[in-house]
Amino acid sequence: RQSSMSQLPRLETLPELLLSQDLSGETGTNRCTDKKPLIQAKNDYEATHAWLNEYAHKQTTYQAYRKEAERLLLWCVLQAKKPLSRL
């Protein structure tokens, strides 16, 4: 029997969920409001990819972090009903 987590969309397909602005993290309470953000990310999905790209040269680390990032993003949206940037 497969876990319910394995049946959820992967990070690469998360934008296909068409999240509302409230759940996408565009207006999350922990989003940078300065005029000079450290990364160019409009939402939590893009911010997560920017973070993951720091590990792109380490395949094993990247894959492990990607898996956990997927789980966290999906948990935030589907279980907690809030964006990652509001945790």
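Residues numbered from 1 in each chain as written. Predicted model: local features only at pLDDT ≥ 70, side-chain atom pairs only at ≥ 80, totals over all residues. Heavy atoms only, no water.

K.L.:
So what's going on with the overall build of the protein? Residues and values would help.
P.N.:
Along the backbone of the protein there are three helices and zero strands. Moving toward the C terminus, one meets the helices and strands of the protein in the order α-α-α. Within the span of the protein, comprising 87 residues, buried residues form 25% of the whole. Taking all contacts inside the protein whose residues are at least 6 apart in sequence as the whole, residues at least 24 apart take part in 55%. Summing over all exposed atoms, the protein offers an accessible surface of approximately 6,400 Å²; the carbon and sulfur share of this is 51%. (Helix = DSSP H or I, 4+ residues; strand = E, 2+ residues; numbered from the N terminus. Buried < 20%, exposed > 50% of the residue type's maximum accessible area, 1.4 Å probe, protein only. Contact = heavy atoms within 4.5 Å. Areas by Shrake-Rupley, 256 points an atom, 1.4 Å probe, with all protein chains shown as cover.)

K.L.:
Describe the side chain of Arg66, and please don't skip the residues or the numbers.
P.N.:
Positionally, Arg66 belongs in helix α3 (residues 59-80). Residue Arg66 is classed as buried on the basis of its relative accessible area of 7%.

K.L.:
Any details on the packing of helix α2 (residues 44-53) against α3? Residues and values, ideally.
P.N.:
One can describe the packing of α2 onto α3 by two numbers: an axis separation of 10 Å at closest approach and a directional angle of 165°. What the angle tells us is that α2 and α3 run roughly antiparallel. Note that α2 runs across α3; the crossing there is right-handed. Touching Asp44, Thr48, Trp51 and Leu52 of α2 are Tyr62, Tyr65, Arg66, Ala69 and Leu73, all from α3. Here the contact of α2 with α3 is built from residues that sort into six nonpolar, one polar and two charged. (Axes fitted to C-alpha atoms, helices over the stretch in contact; angles between N-to-C directions. Parallel < 35°, antiparallel > 145°, perpendicular 65-115°, else oblique. Left-handed = near helix turned anticlockwise from the far one by under 90°. Nonpolar A, V, L, I, M, F, W, Y, C, P; charged D, E, K, R; others polar.)

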